[in-house]
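Understanding the architecture of this molecule
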Amino acid sequence: MGMRKRITSSSPCLLFLFFFFSLVLLGSPSLGHPNYKDALAKSILFFQGQRSGRLPTGQQITWRSNSGLFDGSLAHVDLTGGYYDAGDNVKFNFPMAYTTTMLSWGTLEYGKRMGPELQNARAAIRWATDYLIKCATATPNTLYVGVGDPTTDHKCWERPEDMDTARTVYSVSASKPGSDVAGETAAALAAASMVFRKVDSKYSRLLLATAKKVMQFAMQYRGAYSDSLGSAVCPFYCSYSGYKDELLWGAAWLWRATNDASYLNFLQTLGANDATDIFSWDNKLAGARVLLARRTLVDNDKRFESFKEQAEDFMCRIIPNSPSSSTSYTQGGLMFKLAESNLQYVTSITFLLTTYAKYMTTSKYTFNCGNVRMSSSTLRNLAKQQVDYILGENPLKMSYMVGFGANFPKRIHHRGSSIPSKASHPQAFGCDNGFQSFFYTSNPNPNTLTGAIVGGPNQNDGFPDDRTDYSHSEPATYINAAIVGPLAYLAGSYSS
């Protein structure tokens, strides 16, 4: 994993694309479509390649083996399991919890369109929530938020099965608060509790009970986890947006899961009212507003009208023919927010476009950006265009999902994928041994991380397929998690 740069607002929309996108949004979808069902299956399969811990017998990505079997032992607790965040061997709970929330939200909204993949989506969620429950319950008044020293880990290029770097354990507490990571963890557990409510009620109750405790911790002990933990999480996953957005996000999910009015009262008095044109593992404002706007659009509950207005302000900052758009697009049509791992913003925002459109359809609702009328079709067409670009409908005809289509990244920035597996090379590779033979080589990765979506092309639609260029070639769990919902929607809407 490379360093994650600070998330800021993007530069203004490229004006010369105004008429191009107006035609795209107003026109009908193209007749040919990528195979969304195949992409959906692969987007979920990817998570098996990120698993930490003892792998199950049904493991389909077979070049992976057991790893991190003693995680937590330095703190005398069991913190095995969970996911490695990206191309490294560290477990960062802040983005992992966001990944879990987005997988759960996608399953809640589009599970009926997933077909046989619904069971796999639940399994991907549970692999994370089993770990997050351990982190929340292992020690009273403590929330464990990560395993593995990121600085020493990033100095090595070795398989997770071989890692010999310090598996340092990080936590937040009353004296070292982390409202952001706690709020996101509570959101993940609450959202997942609804996923399992009808299929495993006992597990669902455990998830919800744990979510309530973690949310209380987040509300009671205020502070940013990056202030408490410093270099353990920064500059990798600093909480640049502060923690109010996670408190809003966590309370919104607890409100949806419980209908407990105390969460509604809390989020209405929080004052998290900053405008935004981004949605990511760091900044949850837009996601929380779309989630809360559902109450107005679907349930006609006028108490949430202000959140609906904020959600639409966000949409107007994204849609290219909106007078208030602040979002750039490449000449090939890709939303472009930031140079580093841009597709993480594309998939997250695409999820919100798809889901807000779903809520709008329920009440046949439209809204205006200035004097331009926006319908659910406007949002869905833009969302579909972004997904199609990722799946290969772009100037390079490059699919940015590994293993999907004929042309996809072959040299991704991922330790396990780039180094021969234990099955083919049982001897361990040391910390430094992987760099010359496997990191700097121009050879394709020996192991295919099926379904992984990489950071994506640059602002000129270019992609070097260079392992050393982590900004563009590194996959991450949160890139994939956000696209599962839109892919399920499209798989259920278009025949391949």
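The model shown is predicted, which means the values in this text are computed figures rather than measured ones. (Residues numbered from 1 in each chain as written. Predicted model: local features only at pLDDT ≥ 70, side-chain atom pairs only at ≥ 80, totals over all residues. Heavy atoms only, no water.)

**Things to note about the overall build of the protein**
If you tally the helices and strands in the protein, you get 18 helices and seven strands. Its C-alpha atoms give the protein a radius of gyration of 21 Å, within 12% of the compact-globule value 23 Å for 496 residues. Within the span of the protein, comprising 496 residues, buried residues form 64% of the whole. A separation threshold of at least 6 residues defines the contact pool for the protein, and within that pool the share at least 24 residues apart is 75%. Carbon and sulfur atoms make up 52% of the accessible area of the protein, which totals about 17900 Å². Here the protein contributes 47 positive and 39 negative side-chain charges, whose respective centroids are spaced 7 Å apart. (Helix = DSSP H or I, 4+ residues; strand = E, 2+ residues; numbered from the N terminus. Rg over C-alpha atoms; globule rule 2.2 N^0.38 Å. Buried < 20%, exposed > 50% of the residue type's maximum accessible area, 1.4 Å probe, protein only. Contact = heavy atoms within 4.5 Å. Areas by Shrake-Rupley, 256 points an atom, 1.4 Å probe, with all protein chains shown as cover. Lys, Arg positive; Asp, Glu negative; His and termini not counted. Charge placed at Lys NZ, Arg CZ, Asp CG, Glu CD.)

**Observations concerning helix α7 (residues 201–220)**
An ideal rise of 1.5 Å per residue puts 28 Å on 20 residues; α7 measures up with 29 Å between its terminal C-alpha atoms. Listing the buried residues of α7 in full gives Y203, S204, L207, L208, T210, A211, V214, M215, F217, A218 and M219. The secondary structure elements touched by the buried residues of α7 are α4 (117–137), β2 (142–147), β3 (169–173), α6 (179–195), α9 (244–258) and α10 (261–268). (Expected span 1.5 Å × (residues − 1).)

**Structural notes on unusual backbone geometry**
Each neighbour pair has its own omega, and for C234 with P235 the value is 10 degrees, a cis peptide bond. Along the chain, P235 falls in the loop between α8 (225–229) and α9. Its identity is not glycine, yet N141 carries a phi of approximately 60 degrees, on the positive side. Mapped onto the elements of the fold, N141 is located in the loop between α4 and β2. Its relative accessible area of 64% is what places N141 among the exposed residues. Positive phi outside glycine occurs at N300, with the angle close to 55 degrees. Within the secondary structure, N300 is located in the loop between α11 (285–297) and α12 (305–318).

**Details of the layout of surface pockets**
What the largest pocket holds in volume is close to 610 Å³. Those elements giving two or more residues to the lining of the largest pocket turn out to be α3 (93–110), α4, α6, α9 and α11. Looking at the lining of the largest pocket element by element, the count peaks at four residues for α3. For the lining of the largest pocket, the residue count by class is seven nonpolar, three polar and nine charged. (1 Å grid on protein atoms, 1.4 Å probe; cavity = no way out; pocket = protein on both sides within 12 Å on 5 of 7 lines; lining within 4 Å. Points joined across faces, edges and corners; volume = space filled by probe spheres on them. Nonpolar A, V, L, I, M, F, W, Y, C, P; charged D, E, K, R; others polar.)

**Points about the pairing of β2**
Of all the six residues making up β2, six are buried; the element is thus mostly covered by neighbouring parts of the structure. Relative to β2, strand β1 (residues 91–92) is paired through two bridges, and the arrangement is antiparallel. Paired with K91 across the bridge in β2 is V147. Sheet topology places β2 next to β3; five bridges connect them, and they run antiparallel. Looking at the pairing, Y144 lines up with S171 of β3. (Pairing = 2+ DSSP bridges.)

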